[in-house]
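Residue-level listing of the chains:
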Amino acid sequence: MHSPTADQEIAHSGASVDRQTIVVAVHGVGEASPGDILADLLRQARLTGVFDHLLVCGVSYPRAQATGKILYEIPWADLRPVVTGGLSLIIEVVALFTAMLQAATVEPSASVTKPNFQIARTYKAVLLAAGIWCLFPPVMLLLLQFQPGRLQQVFIASSVVIFIVILTFWLKKFDRCFLGGFVWALGTACLAVWALASESTDGVPLVIAARIYAVAQFVVLGLALAAIAESTWQWRKERSRRPAGDKPTALHLMTRWAFIYVPLMLASGVGALGWALALQHVPASTQQSVPDPTQQKFSSWAEAFNEGLLYDLWNAEVLFTAAVTFYGLALLAVGVVYLVRSKRYRPSAGSNSRDGLAAVLFLMPFILTATTVLFLTDIAWDWLGGCLHRPEPGERIIQIYQISALRLVPFLAFLVGPLAIGLKVAGDVIFYLCPQGSPLAIREKARERVLQLLKVLPPNADIHLIGHSQGSVIGLEAATASGRHMKVHIMGSPIDSLYQRFIGLNLLGDGELLRRIILDNSYRRDDYIGGEVGEHFAVPNFPVEFGGHTGYWRFFDIAKWQVIPKPINSDLVPPDRTRC
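For clarity, every value in this text was computed on a predicted model and none was experimentally measured. (Residues numbered from 1 in each chain as written. Predicted model: local features only at pLDDT ≥ 70, side-chain atom pairs only at ≥ 80, totals over all residues. Heavy atoms only, no water.)

Q: I tried to follow the sheet that holds strand β7 (residues 517-524) on my own but got confused; where do I start?
A: Think of a sheet as strands paired side by side through backbone hydrogen bonds, with each pair either parallel or antiparallel. Taken in spatial order, the eight strands of this open sheet run β2-β3-β4-β1-β5-β6-β7-β8, and their pairing is mixed. If you trace the sheet from one side to the other, it starts and ends with β2 (49-56) and β8 (541-544), each paired once. Put simply, the sheet's adjacent strands are angled 20° from each other on average, direction ignored. Pairing between strand β6 (residues 486-491) and β7: six bridges, direction parallel. By the bridge assignment for β7, H489 is matched with D520. (Pairing = 2+ DSSP bridges. Helix = DSSP H or I, 4+ residues; strand = E, 2+ residues; numbered from the N terminus. Axes fitted to C-alpha atoms, helices over the stretch in contact; angles between N-to-C directions.)

Q: Explanation requested: the side chain of K69 in the structure shown.
A: By secondary structure assignment, the location of K69 is in strand β4 (residues 69-74). No salt bridge is formed by the buried K69. Its closest oppositely charged neighbour is D557, at 7.6 Å. With near-sequence residues (within four places) excluded, K69 lies in contact with T21, A64, I558 and W561. (Buried < 20%, exposed > 50% of the residue type's maximum accessible area, 1.4 Å probe, protein only. Lys, Arg positive; Asp, Glu negative; His and termini not counted. Salt bridge = Lys/Arg side-chain N within 4 Å of Asp/Glu carboxyl O. Contact = heavy atoms within 4.5 Å.)

Q: Can you help me understand the packing of aromatic side chains in this one?
A: Centre distance and the angle of the planes are the two values used to describe a pair of aromatic rings. Applying the stated rule across the entire model yields 18 aromatic pairs. With 5.3 Å between their ring centres and 75° between their planes, F320 and F375 make a pair best called edge-to-face. Pair noted here: F320 is in helix α11 (residues 313-343) and F375 is in helix α12 (residues 349-384), with a separation of 55 residues, a long-range link. Aromatic rings pair up to connect Y213, W275, W301, F305 and Y401 into one cluster. It is R256 that lies over the ring of F117; its NZ or CZ is 4.4 Å from the centre. (Phe/Tyr/Trp six-rings, centres within 6.5 Å; stacked < 30°, edge-to-face > 60°. Lys NZ or Arg CZ within 6 Å of the ring centre and 35° of its normal.)

Q: How should I be thinking about helix α4 (residues 118-131) in this particular structure?
A: For an α-helix the count is 3.6 residues per turn, leaving residues at separations of three or four pointing the same way. Counted at 1.5 Å a residue, the expected span for α4 with its 14 residues is 20 Å, and the 18 Å between its end C-alpha atoms agrees. Listing the buried residues of α4 in full gives A120, Y123, K124, L127, L128 and A130. Contact partners of the buried residues in α4: α3 (88-103), α7 (180-198), α8 (204-241) and α9 (250-279). (Expected span 1.5 Å × (residues − 1).)

Q: Explain the side chain of T188 here, please?
A: Looking at the secondary structure, you find T188 in helix α7. What T188 contacts, discounting residues up to four positions off in sequence, is F136, P137, M140, V160, V161 and I164.

Q: What is the right way to look at the pairing of β2 in this model?
A: One face of the sheet, then the other: side chains in a regular strand alternate in exactly this way. As paired elements, β2 and strand β3 (residues 59-66) share eight bridges and run antiparallel to each other. When the sheet's bridge partners are listed, L54 is paired in β3 with Y61. The loop that links β2 with its antiparallel partner β3 comprises two residues; one of these, C57, has a positive phi angle of about 50°.

Q: Is there a simple way to think about the packing of α9 against α12 in this case?
A: Two packed helices can be described by the angle between their axes and the distance between those axes. For the pair α9 and α12, interaxial distance at closest approach is 9 Å and the crossing angle is 60°. Relative to α12, the element α9 lies oblique. For the pair α9 and α12, the sense of crossing is left-handed. Taking contact as the criterion, the partners of A250, L251, M254, T255, W257, A258, Y261 and M265 in α9 are, on α12, A358, L361, F362, M364, P365 and L368. (Parallel < 35°, antiparallel > 145°, perpendicular 65-115°, else oblique. Left-handed = near helix turned anticlockwise from the far one by under 90°.)

Structural data, given as structure tokens:
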């Protein structure tokens, strides 16, 4: 189908003297198929339309022309670092992991996000360039230990090095700091040559590899603590500088801390899983009580590995496994309670879920502080006693990492099933906070995508911009930047419930933008993302029927310009409840 260009559209619209009503729809999570939103809007209004596309600056905007109205859809799902299908689940996790580290380097209240937390930037660089790679050298030497011949050992060493190189090429598209993997590939290759030349995969090369592994973890942990201290100092400075009513809250600080420690927690879990998988290649005979040559090899490897470590492996893994598992279970409990309450049509289910998340964010610093203190105290106690740490036998090392890998289990519920939508929403929010220039940043690109269309619309048009979820944030910022007068209708918006409450990003500012636009907000009482907006600026808020965070477009009436409300009564179960 031929798509008219923007110039052709302007010429056509300029010939019309009637004031056109134009609807601009900005989707949120889950509405990525072009034209679906327009079809929902027309269906609800009982209108029929002619569908085509408008081409503006190389972007094809779905359009539907109906009686008295022209509807446009803003396609921005392609700007997200992750698209549906294939390895999207793995990419989503890696992108979110990296985006949290990038978001920790910027001041979220700034209109233009540029890195300004230097220690946080250093922490991110070291974690991505060293922290995630440091286990490869000792793992490679472990695998070499059980190869029967020199050819097999060369093959294993080469495979590990090639894997690091390929993984680095893939990860660098998320952040350039991942390029440190090339250095680790070279270092791993050198250790392999040394070990093979000296015919010792459990001697000095392994001690050095284990020592580097331990030092890298200490450096990352120290930088994480320093980044937390830096963010706290900046938070206190902002509180003393800003006027009353605009001061950053304690929850803003807790959220910023989470951007720092959550990636480290996830990295530790993935590292434990890597160790557990590598140790599965240890022949079963090493786990028997009867000594044999293979068991002796593993015992000598374990002895050298313990010599290189600077801490008690059992105590460290148990402490941090307990902390990370508790965090995952706490988040899972918040999600499960929400699902139960929403199925019982409790109107407070949405706000309670956000309160639960806030409680977890406040509780975790105490858990992690206690864990870190116990960990460092254990090390200090061993040093004062003249013993670096208690060595662990090979069989126990296998058990330690098998147990340690279980810390990831609670987080699996957020990858599939009804709670998975929360991961996508979190991704959209955090990608929006990434600094300019980051491959994961979508803020400027998404806003420009809306502005491109607004610029070519007729100057006398009656514009109604409708945004759902993250689309409400994108649409509102674009409407503000355009300088045009228009009506903005938002649904299930995280503007206040997430951005303002948790992050401290005030998208409404001092209310100046409300002089150019007419804003109203519809939200569901059991929506865990959206809530009331602009309580200080008397923004009209319309609570509507139950149904969670998705499916708003099916109930938005472009004749009444709001989501069709249904009576909300906690004692009255709605007869119909639709979710996408």
